[in-house]
Amino acid sequence: FRALRGFGHYEEAVDDLNRSFAADPKYTWFGPALNDEKGRKSLLRELSAAAERRPEAAWLQAWRGFCLLETGSAQEALACLERALGREKKSGLIYAWRGRAWRDLGRLERASADLRRAVRLSPELCAAHEILSQVQEARGELAAALSSLSRATRLAPTTVPYLLAKARLALRLNRREEAAA
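Here the structure is a predicted model, which is why all the values come from computation and not from measurement.

Asks: Quick rundown of the packing of aromatic side chains? Include the residues and the values.
Replies: If you walk through the whole model with that rule in mind, you get three aromatic pairs. Here the aromatic cluster, defined as three or more aromatic residues joined through ring pairs, consists of Trp63, Phe66 and Trp97.

Asks: Describe helix H4 (residues 58-70), and please don't skip the residues or the numbers.
Replies: The end-to-end C-alpha distance of H4, which contains 13 residues, comes to 18 Å, matching closely the 18 Å that a straight helix rising 1.5 Å per residue would cover. Most of H4 is tucked away: twelve of the 13 residues are buried. All of the buried residues along H4 are Ala58, Trp59, Leu60, Gln61, Ala62, Trp63, Arg64, Gly65, Phe66, Cys67, Leu68 and Leu69. Where H4 terminates, the next one or two residues include glycine 72, which has phi positive at roughly 85°.

Asks: Describe the environment of alanine 62, with residues and values.
Replies: Secondary-structure assignment places alanine 62 in helix H4. Excluding its chain neighbours within four sequence positions, the residues that come into contact with alanine 62 are Leu81, Ala84, Ile94 and Trp97.

Each value, and the rule that gives it
- Residues numbered from 1 in each chain as written.
- Predicted model: local features only at pLDDT ≥ 70, side-chain atom pairs only at ≥ 80, totals over all residues.
- Heavy atoms only, no water.
- Phe/Tyr/Trp six-rings, centres within 6.5 Å; stacked < 30°, edge-to-face > 60°.
- Helix = DSSP H or I, 4+ residues; strand = E, 2+ residues; numbered from the N terminus.
- Expected span 1.5 Å × (residues − 1).
- Buried < 20%, exposed > 50% of the residue type's maximum accessible area, 1.4 Å probe, protein only.
- Contact = heavy atoms within 4.5 Å.

Right, dumping it as structure tokens:
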């Protein structure tokens, strides 16, 4: 992408990036850019420019939406994710991101629906299970939230925030053995 863009082949670069995202939705060559605010803003500018040139490119829209979520712009992210889902209806990852946007906007019922669809389409997405548990807990569905967190911890057994959240929920439900497990 960057090499093509650097040589002035912006259209080809945008197509290359979208193909890469479509081939591997967890495409993370730019992962380090998400680690700091300056990197997120730079990446967001690049993705915004690319998505503007190719509004039909679902994965560019999706990743732009994710970056907007990371910068706290849930409403703008939601618009990108809606466009992405208009073309990429079977992506659990995009549904998970849209569910997160709905959660951030306080629309828990819509968040729950998207997150349930995300885990149905992509049961390996541990973050989707974890965000679903947050939504379920906020809705007072503690047993369901614990079940979702249990799935997340089975998928990522060493992820400390998942383990702590699971233990906290188990204690709230007076399930001490599950809290200790």
